[in-house]
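Here is how the chains run, residue by residue.
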Amino acid sequence: MKNTKQTILVTGGAGYIGSHTIIELLQNPSYNVISLDNFSNSSAQTYERIERITGQKVTYTNTDLCDASALQQFFESNPDISGIIHFAAFKSVPDSVADPLLYYRNNIVSLINLLDSAGTHHISKIIFSSSCSTYGNIKKLPVTEETPFQKAESPYAYTKVVGERILGDYISSCNDAKAISLRYFNPVGAHKSGLIGEDQINPPTNLVPLITQTAIGKRKSFTVFGSDYNTRDGSCIRDYVHVSDIANAHVLALQHLEKSQKSYDVFNLGTGNGVSVLEAIDAFKKVSGITPNHVIGGRREGDVEAIYSDCSKVKKILNWEARYNLEEMMGSAWKWQQWLDKEQK
Ligand code: WQD
(Lines give C-alpha, C1' and ligand atoms only; values in the text may rest on other atoms or scores of the structure.)
Protein backbone atom coordinates (compact mmCIF):
# COMPACT_ATOMS: atom_id res chain seq x y z
CA MET A 1 0.00 0.00 0.00
CA LYS A 2 1.35 3.44 -0.97
CA ASN A 3 2.90 5.17 1.99
CA THR A 4 0.46 8.04 2.61
CA LYS A 5 2.51 9.50 5.44
CA GLN A 6 4.09 12.90 4.89
CA THR A 7 7.81 13.16 5.58
CA ILE A 8 8.65 16.17 7.73
CA LEU A 9 12.20 17.48 8.12
CA VAL A 10 12.86 18.72 11.67
CA THR A 11 16.01 20.83 11.79
CA GLY A 12 17.58 21.13 15.23
CA GLY A 13 15.71 17.95 16.14
CA ALA A 14 18.25 16.97 18.81
CA GLY A 15 17.50 20.21 20.62
CA TYR A 16 14.99 21.01 23.32
CA ILE A 17 11.87 22.07 21.43
CA GLY A 18 12.77 20.08 18.32
CA SER A 19 12.97 16.79 20.21
CA HIS A 20 9.64 17.35 21.96
CA THR A 21 8.06 18.19 18.60
CA ILE A 22 9.45 15.01 17.01
CA ILE A 23 7.72 13.02 19.77
CA GLU A 24 4.37 14.68 18.91
CA LEU A 25 4.92 14.07 15.16
CA LEU A 26 5.86 10.40 15.63
CA GLN A 27 2.72 9.90 17.71
CA ASN A 28 0.61 11.23 14.83
CA PRO A 29 -0.13 8.62 12.10
CA SER A 30 0.15 11.21 9.31
CA TYR A 31 3.86 11.89 9.65
CA ASN A 32 7.26 10.37 9.12
CA VAL A 33 10.17 12.36 10.53
CA ILE A 34 13.70 12.92 9.35
CA SER A 35 15.87 15.11 11.53
CA LEU A 36 18.96 17.17 10.89
CA ASP A 37 21.27 18.56 13.54
CA ASN A 38 24.92 19.67 13.70
CA PHE A 39 25.11 18.81 17.41
CA SER A 40 26.65 22.21 18.20
CA ASN A 41 24.45 22.45 21.29
CA SER A 42 22.89 18.97 21.59
CA SER A 43 23.79 15.30 21.25
CA ALA A 44 22.56 12.26 19.32
CA GLN A 45 21.59 10.82 22.73
CA THR A 46 18.41 12.88 22.38
CA TYR A 47 17.29 10.63 19.51
CA GLU A 48 17.79 7.56 21.71
CA ARG A 49 15.58 9.17 24.34
CA ILE A 50 12.90 9.86 21.70
CA GLU A 51 13.04 6.19 20.66
CA ARG A 52 12.71 5.10 24.29
CA ILE A 53 9.55 7.20 24.64
CA THR A 54 7.90 6.52 21.27
CA GLY A 55 9.31 3.09 20.39
CA GLN A 56 10.23 4.57 17.01
CA LYS A 57 13.75 5.07 15.69
CA VAL A 58 14.43 8.58 14.38
CA THR A 59 16.25 8.88 11.05
CA TYR A 60 18.72 11.72 11.45
CA THR A 61 21.79 13.25 9.90
CA ASN A 62 24.68 15.28 11.27
CA THR A 63 24.54 18.18 8.83
CA ASP A 64 25.29 21.87 9.28
CA LEU A 65 22.69 24.13 7.65
CA CYS A 66 25.45 26.69 7.08
CA ASP A 67 27.08 24.21 4.66
CA ALA A 68 24.97 24.86 1.55
CA SER A 69 26.41 22.03 -0.56
CA ALA A 70 25.99 19.44 2.21
CA LEU A 71 22.42 20.63 2.63
CA GLN A 72 21.66 20.34 -1.09
CA GLN A 73 23.09 16.81 -1.06
CA PHE A 74 20.88 15.98 1.93
CA PHE A 75 17.76 17.11 0.08
CA GLU A 76 18.79 15.26 -3.07
CA SER A 77 19.10 12.09 -0.99
CA ASN A 78 15.73 12.70 0.69
CA PRO A 79 13.28 13.58 -2.11
CA ASP A 80 10.16 12.70 -0.07
CA ILE A 81 10.32 15.68 2.28
CA SER A 82 7.09 17.66 2.02
CA GLY A 83 7.40 19.91 5.05
CA ILE A 84 10.07 21.53 7.20
CA ILE A 85 9.97 22.59 10.83
CA HIS A 86 13.01 24.79 11.36
CA PHE A 87 14.31 24.92 14.93
CA ALA A 88 18.07 24.90 14.33
CA ALA A 89 19.43 28.19 15.70
CA PHE A 90 21.38 29.56 18.63
CA LYS A 91 18.98 30.88 21.26
CA SER A 92 20.73 32.53 24.17
CA VAL A 93 20.04 36.23 24.67
CA PRO A 94 23.22 36.94 26.67
CA ASP A 95 25.43 34.78 24.43
CA SER A 96 24.17 36.72 21.42
CA VAL A 97 25.10 40.01 23.11
CA ALA A 98 28.59 38.63 23.72
CA ASP A 99 29.07 37.29 20.17
CA PRO A 100 26.66 38.95 17.72
CA LEU A 101 28.45 37.86 14.53
CA LEU A 102 28.26 34.20 15.58
CA TYR A 103 24.50 34.63 15.99
CA TYR A 104 23.93 36.59 12.79
CA ARG A 105 25.99 34.15 10.73
CA ASN A 106 24.53 30.99 12.23
CA ASN A 107 20.88 31.95 12.49
CA ILE A 108 20.56 33.88 9.22
CA VAL A 109 22.87 31.93 6.87
CA SER A 110 21.29 28.64 7.98
CA LEU A 111 17.81 29.98 7.22
CA ILE A 112 18.79 31.31 3.79
CA ASN A 113 20.45 28.01 2.86
CA LEU A 114 17.40 26.08 4.04
CA LEU A 115 15.00 28.23 2.02
CA ASP A 116 17.27 27.90 -1.02
CA SER A 117 17.00 24.12 -0.76
CA ALA A 118 13.27 24.29 -0.01
CA GLY A 119 12.79 26.25 -3.24
CA THR A 120 14.91 23.88 -5.33
CA HIS A 121 12.99 20.90 -3.98
CA HIS A 122 9.56 22.55 -3.93
CA ILE A 123 8.88 21.99 -0.24
CA SER A 124 5.32 23.16 0.27
CA LYS A 125 5.09 23.66 4.06
CA ILE A 126 7.50 25.51 6.34
CA ILE A 127 7.15 26.22 10.07
CA PHE A 128 9.63 28.72 11.52
CA SER A 129 10.68 28.81 15.16
CA SER A 130 10.38 32.47 16.09
CA SER A 131 10.27 34.18 19.44
CA CYS A 132 8.48 36.71 21.63
CA SER A 133 11.80 38.50 21.86
CA THR A 134 10.97 39.94 18.42
CA TYR A 135 8.57 42.39 20.13
CA GLY A 136 11.24 44.12 22.23
CA ASN A 137 10.15 46.27 25.17
CA ILE A 138 6.39 46.76 24.84
CA LYS A 139 4.52 49.15 27.14
CA LYS A 140 1.00 47.92 26.38
CA LEU A 141 0.72 44.24 27.36
CA PRO A 142 -0.32 41.58 26.48
CA VAL A 143 1.11 41.57 22.95
CA THR A 144 -0.88 40.37 19.97
CA GLU A 145 0.60 39.37 16.61
CA GLU A 146 -0.25 42.85 15.37
CA THR A 147 1.70 44.63 18.13
CA PRO A 148 4.39 46.63 16.30
CA PHE A 149 7.94 45.50 17.06
CA GLN A 150 10.02 47.84 19.19
CA LYS A 151 13.83 47.78 19.12
CA ALA A 152 15.15 44.22 19.29
CA GLU A 153 16.98 44.18 22.62
CA SER A 154 19.53 41.49 21.61
CA PRO A 155 21.19 40.14 18.46
CA TYR A 156 19.31 36.88 19.11
CA ALA A 157 16.00 38.73 19.01
CA TYR A 158 17.03 40.55 15.85
CA THR A 159 17.89 37.27 14.09
CA LYS A 160 14.26 36.28 14.65
CA VAL A 161 12.95 39.65 13.40
CA VAL A 162 15.07 39.31 10.25
CA GLY A 163 14.25 35.59 9.97
CA GLU A 164 10.52 36.27 9.88
CA ARG A 165 11.01 38.93 7.22
CA ILE A 166 13.22 36.65 5.09
CA LEU A 167 10.65 33.85 5.33
CA GLY A 168 7.76 36.19 4.49
CA ASP A 169 9.58 37.60 1.45
CA TYR A 170 10.57 34.10 0.30
CA ILE A 171 6.97 32.87 0.51
CA SER A 172 5.75 35.94 -1.42
CA SER A 173 8.26 35.12 -4.16
CA CYS A 174 7.11 31.55 -4.68
CA ASN A 175 3.65 30.23 -5.51
CA ASP A 176 3.96 26.66 -4.25
CA ALA A 177 4.76 27.08 -0.57
CA LYS A 178 3.05 28.24 2.61
CA ALA A 179 4.63 29.08 5.95
CA ILE A 180 3.87 29.90 9.58
CA SER A 181 6.11 31.65 12.10
CA LEU A 182 5.46 30.57 15.68
CA ARG A 183 6.52 33.18 18.25
CA TYR A 184 7.32 31.15 21.36
CA PHE A 185 7.21 32.93 24.65
CA ASN A 186 9.36 31.16 27.25
CA PRO A 187 9.39 27.40 26.67
CA VAL A 188 10.11 25.50 29.90
CA GLY A 189 9.47 22.11 31.47
CA ALA A 190 9.96 18.59 30.12
CA HIS A 191 8.06 15.69 28.60
CA LYS A 192 5.66 14.03 31.07
CA SER A 193 7.69 10.77 30.92
CA GLY A 194 10.61 12.55 32.60
CA LEU A 195 12.88 10.82 30.06
CA ILE A 196 13.62 13.88 27.92
CA GLY A 197 13.99 17.59 28.57
CA GLU A 198 16.34 20.52 28.15
CA ASP A 199 19.89 19.14 27.98
CA GLN A 200 22.02 21.57 26.01
CA ILE A 201 25.76 21.10 25.59
CA ASN A 202 26.66 24.74 26.26
CA PRO A 203 26.08 25.95 29.83
CA PRO A 204 22.46 27.11 30.02
CA THR A 205 21.75 30.82 30.37
CA ASN A 206 17.99 30.46 30.68
CA LEU A 207 16.22 30.54 34.00
CA VAL A 208 14.54 27.19 34.54
CA PRO A 209 17.53 24.88 33.87
CA LEU A 210 19.56 27.14 36.18
CA ILE A 211 16.92 26.75 38.87
CA THR A 212 16.84 22.95 38.57
CA GLN A 213 20.63 22.56 38.27
CA THR A 214 21.07 24.68 41.41
CA ALA A 215 18.36 22.74 43.24
CA ILE A 216 20.03 19.39 42.47
CA GLY A 217 23.46 20.71 43.47
CA LYS A 218 25.00 20.81 39.99
CA ARG A 219 25.74 24.51 40.57
CA LYS A 220 26.10 26.47 43.78
CA SER A 221 23.66 29.26 42.99
CA PHE A 222 22.37 31.52 40.26
CA THR A 223 21.72 35.24 39.98
CA VAL A 224 18.35 36.90 39.66
CA PHE A 225 19.11 39.55 37.05
CA GLY A 226 17.55 42.74 38.33
CA SER A 227 15.23 43.69 41.18
CA ASP A 228 14.58 47.30 40.16
CA TYR A 229 12.32 46.80 37.15
CA ASN A 230 8.99 48.56 37.10
CA THR A 231 7.12 45.31 37.88
CA ARG A 232 5.15 44.05 40.90
CA ASP A 233 8.23 42.62 42.61
CA GLY A 234 11.03 44.33 40.68
CA SER A 235 12.04 41.24 38.69
CA CYS A 236 11.34 40.67 34.98
CA ILE A 237 8.03 39.27 33.79
CA ARG A 238 7.83 36.46 31.23
CA ASP A 239 5.13 34.17 29.84
CA TYR A 240 6.38 30.65 30.63
CA VAL A 241 4.81 27.92 28.50
CA HIS A 242 5.26 24.15 28.67
CA VAL A 243 7.52 22.76 25.94
CA SER A 244 5.00 19.97 25.21
CA ASP A 245 2.32 22.61 24.59
CA ILE A 246 4.71 24.32 22.19
CA ALA A 247 5.41 20.98 20.47
CA ASN A 248 1.69 20.27 20.08
CA ALA A 249 1.22 23.63 18.36
CA HIS A 250 3.64 22.57 15.60
CA VAL A 251 1.47 19.61 14.60
CA LEU A 252 -1.62 21.83 14.55
CA ALA A 253 0.28 24.42 12.46
CA LEU A 254 1.33 21.74 9.93
CA GLN A 255 -2.25 20.49 9.67
CA HIS A 256 -3.48 24.08 9.27
CA LEU A 257 -1.09 24.66 6.34
CA GLU A 258 -2.76 21.81 4.45
CA LYS A 259 -5.96 23.83 4.12
CA SER A 260 -5.02 27.44 4.83
CA GLN A 261 -5.77 30.02 2.17
CA LYS A 262 -3.10 32.34 3.62
CA SER A 263 0.41 31.66 2.31
CA TYR A 264 2.06 33.15 5.40
CA ASP A 265 0.88 33.73 8.97
CA VAL A 266 2.25 34.34 12.46
CA PHE A 267 1.02 33.04 15.83
CA ASN A 268 1.93 33.78 19.46
CA LEU A 269 2.49 30.69 21.60
CA GLY A 270 2.13 31.52 25.28
CA THR A 271 -0.25 31.14 28.21
CA GLY A 272 -1.26 34.80 28.49
CA ASN A 273 0.02 34.84 32.09
CA GLY A 274 2.91 37.10 33.07
CA VAL A 275 5.11 35.55 35.76
CA SER A 276 8.06 37.27 37.47
CA VAL A 277 11.42 35.62 38.03
CA LEU A 278 10.77 35.56 41.79
CA GLU A 279 7.32 34.05 41.25
CA ALA A 280 8.87 31.36 39.03
CA ILE A 281 11.30 30.52 41.82
CA ASP A 282 8.39 30.34 44.29
CA ALA A 283 6.48 27.99 41.97
CA PHE A 284 9.52 25.73 41.81
CA LYS A 285 9.80 25.77 45.61
CA LYS A 286 6.11 24.85 45.89
CA VAL A 287 6.46 21.71 43.75
CA SER A 288 9.94 20.61 44.89
CA GLY A 289 10.10 21.79 48.49
CA ILE A 290 13.47 23.33 47.60
CA THR A 291 14.41 27.02 47.44
CA PRO A 292 17.36 27.04 45.01
CA ASN A 293 20.26 29.23 46.20
CA HIS A 294 20.18 32.53 44.37
CA VAL A 295 21.51 36.04 44.76
CA ILE A 296 19.89 39.23 43.57
CA GLY A 297 22.14 40.94 41.05
CA GLY A 298 22.08 43.70 38.46
CA ARG A 299 20.13 43.70 35.22
CA ARG A 300 21.26 41.49 32.30
CA GLU A 301 21.93 43.27 29.01
CA GLY A 302 19.44 42.29 26.34
CA ASP A 303 16.57 41.56 28.71
CA VAL A 304 13.16 43.11 28.21
CA GLU A 305 11.35 44.24 31.39
CA ALA A 306 8.09 42.41 30.84
CA ILE A 307 6.30 40.50 28.10
CA TYR A 308 3.38 38.14 27.94
CA SER A 309 1.02 37.07 25.21
CA ASP A 310 -2.49 37.54 23.95
CA CYS A 311 -3.13 34.10 22.45
CA SER A 312 -6.65 34.63 21.12
CA LYS A 313 -5.54 34.32 17.47
CA VAL A 314 -3.93 30.87 17.83
CA LYS A 315 -6.91 29.67 19.85
CA LYS A 316 -9.32 30.88 17.16
CA ILE A 317 -7.41 29.66 14.11
CA LEU A 318 -5.39 26.63 15.25
CA ASN A 319 -7.65 25.78 18.20
CA TRP A 320 -4.51 25.66 20.35
CA GLU A 321 -4.15 26.73 23.95
CA ALA A 322 -1.64 25.94 26.67
CA ARG A 323 -2.76 22.99 28.82
CA TYR A 324 -0.10 22.99 31.54
CA ASN A 325 0.12 25.51 34.38
CA LEU A 326 3.28 26.97 35.95
CA GLU A 327 3.51 24.37 38.72
CA GLU A 328 3.20 21.52 36.20
CA MET A 329 5.94 23.17 34.14
CA MET A 330 8.24 23.40 37.14
CA GLY A 331 7.33 19.90 38.35
CA SER A 332 8.18 18.37 34.95
CA ALA A 333 11.46 20.31 34.77
CA TRP A 334 12.41 19.07 38.24
CA LYS A 335 11.44 15.44 37.43
CA TRP A 336 13.67 15.60 34.32
CA GLN A 337 16.62 17.15 36.20
CA GLN A 338 16.44 14.41 38.81
CA TRP A 339 16.34 11.70 36.12
CA LEU A 340 19.21 13.29 34.17
CA ASP A 341 21.29 13.55 37.34
CA LYS A 342 20.84 9.83 37.99
CA GLU A 343 21.61 8.96 34.38
CA GLN A 344 24.81 11.02 34.42
CA LYS A 345 26.12 9.56 37.68
C1 WQD B 1 14.03 34.70 31.58
C2 WQD B 1 14.10 35.66 32.76
C3 WQD B 1 16.19 36.79 32.93
C4 WQD B 1 18.71 33.46 33.95
C5 WQD B 1 14.14 33.02 26.25
C6 WQD B 1 14.96 32.20 25.34
C7 WQD B 1 14.80 32.61 23.93
C8 WQD B 1 13.36 32.81 23.59
C9 WQD B 1 12.70 33.75 24.59
C10 WQD B 1 12.33 30.96 22.50
C11 WQD B 1 14.80 36.96 32.38
C12 WQD B 1 15.94 35.92 34.13
C13 WQD B 1 17.60 34.20 33.60
C14 WQD B 1 19.33 33.67 35.20
C15 WQD B 1 17.68 35.34 35.71
N16 WQD B 1 12.66 31.60 23.62
N17 WQD B 1 17.11 35.11 34.48
N18 WQD B 1 18.79 34.60 36.03
O19 WQD B 1 15.92 35.77 27.97
O20 WQD B 1 13.40 35.55 28.23
O21 WQD B 1 14.68 34.30 26.41
O22 WQD B 1 12.84 33.13 25.85
O23 WQD B 1 12.67 31.16 21.41
O24 WQD B 1 15.33 31.57 23.15
O25 WQD B 1 16.30 32.38 25.72
O26 WQD B 1 14.84 33.62 28.81
O27 WQD B 1 15.28 32.15 30.71
O28 WQD B 1 17.18 33.56 29.77
O29 WQD B 1 15.35 34.64 31.05
O30 WQD B 1 17.22 36.19 36.48
O31 WQD B 1 20.37 33.06 35.59
O32 WQD B 1 14.89 35.05 33.76
O33 WQD B 1 16.78 38.02 33.33
O34 WQD B 1 14.17 38.01 33.08
P35 WQD B 1 14.71 34.94 27.89
P36 WQD B 1 15.73 33.42 30.10
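Just so it is clear, the model here is predicted, and its values are computed rather than measured.

Caption draft 1: The overall build of the protein, seen in detail. Looking only at helices and strands, one finds 11 helices and 13 strands in the protein. For a compact globule of 345 residues, the expected C-alpha radius of gyration is about 20 Å, and the protein comes in at 19 Å, within 12% of that figure. Structurally, the protein occupies a C-alpha span of about 55 × 45 × 40 Å along its principal axes. Across the 345 residues in the protein, those meeting the buried criterion constitute 55%. At a minimum sequence separation of 6, the contacts of the protein that also span at least 24 residues come to 83%. Counting only carbon and sulfur atoms, one obtains 50% of the accessible surface of the protein, whose full area is about 14900 Å².

Caption draft 2: Spatial organisation of the sheet that holds strand β1 (residues 6–11). Taken in spatial order, the 7 strands line up as β3-β2-β1-β4-β5-β6-β11 in an open sheet, and their pairing is parallel. Each edge of the open sheet is held by one strand with a lone partner, namely β3 (59–62) and β11 (264–269). Strand-to-strand twist of the sheet, defined as the mean angle between neighbouring strand axes without regard to direction, takes the value 20 degrees. Bridging between strand β5 (residues 125–131) and strand β6 (residues 178–184) involves 7 bridges; their strand directions are parallel. Across the sheet, the residue bridging to I127 is I180, located in β6. Those strands touched by helix α5 (residues 100–120) are β1, β4 (81–86) and β5, and its axis lies near 170 degrees from that of β4. Sheet contacts for helix α8 (residues 243–259): β1, β2 (31–37), β4, β5, β6 and β11; angle to β6, the most-contacted strand, approximately 160 degrees.

Caption draft 3: A look at the environment of A68. Tracing the backbone shows A68 in helix α3 (residues 68–77). Using a relative accessible area of 37% as the deciding quantity, one classes A68 as partly exposed. Taking the C-alpha atoms as reference, A68 lies 43 Å from S235; in sequence the two are 167 residues apart.

Caption draft 4: Up close: unusual backbone geometry. Backbone torsion omega between L141 and P142 reads 5 degrees, so that peptide bond is classified as cis. Residue position: P142 is located in the loop between β5 and α6 (155–173). Located in the positive-phi region is H122, a residue other than glycine, with phi close to 50 degrees. For H122, a relative accessible area of 56% translates into the label exposed. The phi torsion at N319 lies on the positive side, around 55 degrees, for a residue other than glycine. With respect to the helices and strands, the residue N319 is situated in the loop between α10 (312–318) and α11 (326–344). Classification of N319 by relative accessible area gives exposed; the value is 56%.

So, how was this worked out
- Residues numbered from 1 in each chain as written.
- Predicted model: local features only at pLDDT ≥ 70, side-chain atom pairs only at ≥ 80, totals over all residues.
- Heavy atoms only, no water.
- Helix = DSSP H or I, 4+ residues; strand = E, 2+ residues; numbered from the N terminus.
- Rg over C-alpha atoms; globule rule 2.2 N^0.38 Å.
- Buried < 20%, exposed > 50% of the residue type's maximum accessible area, 1.4 Å probe, protein only.
- Contact = heavy atoms within 4.5 Å.
- Areas by Shrake-Rupley, 256 points an atom, 1.4 Å probe, with all protein chains shown as cover.
- Pairing = 2+ DSSP bridges.
- Axes fitted to C-alpha atoms, helices over the stretch in contact; angles between N-to-C directions.

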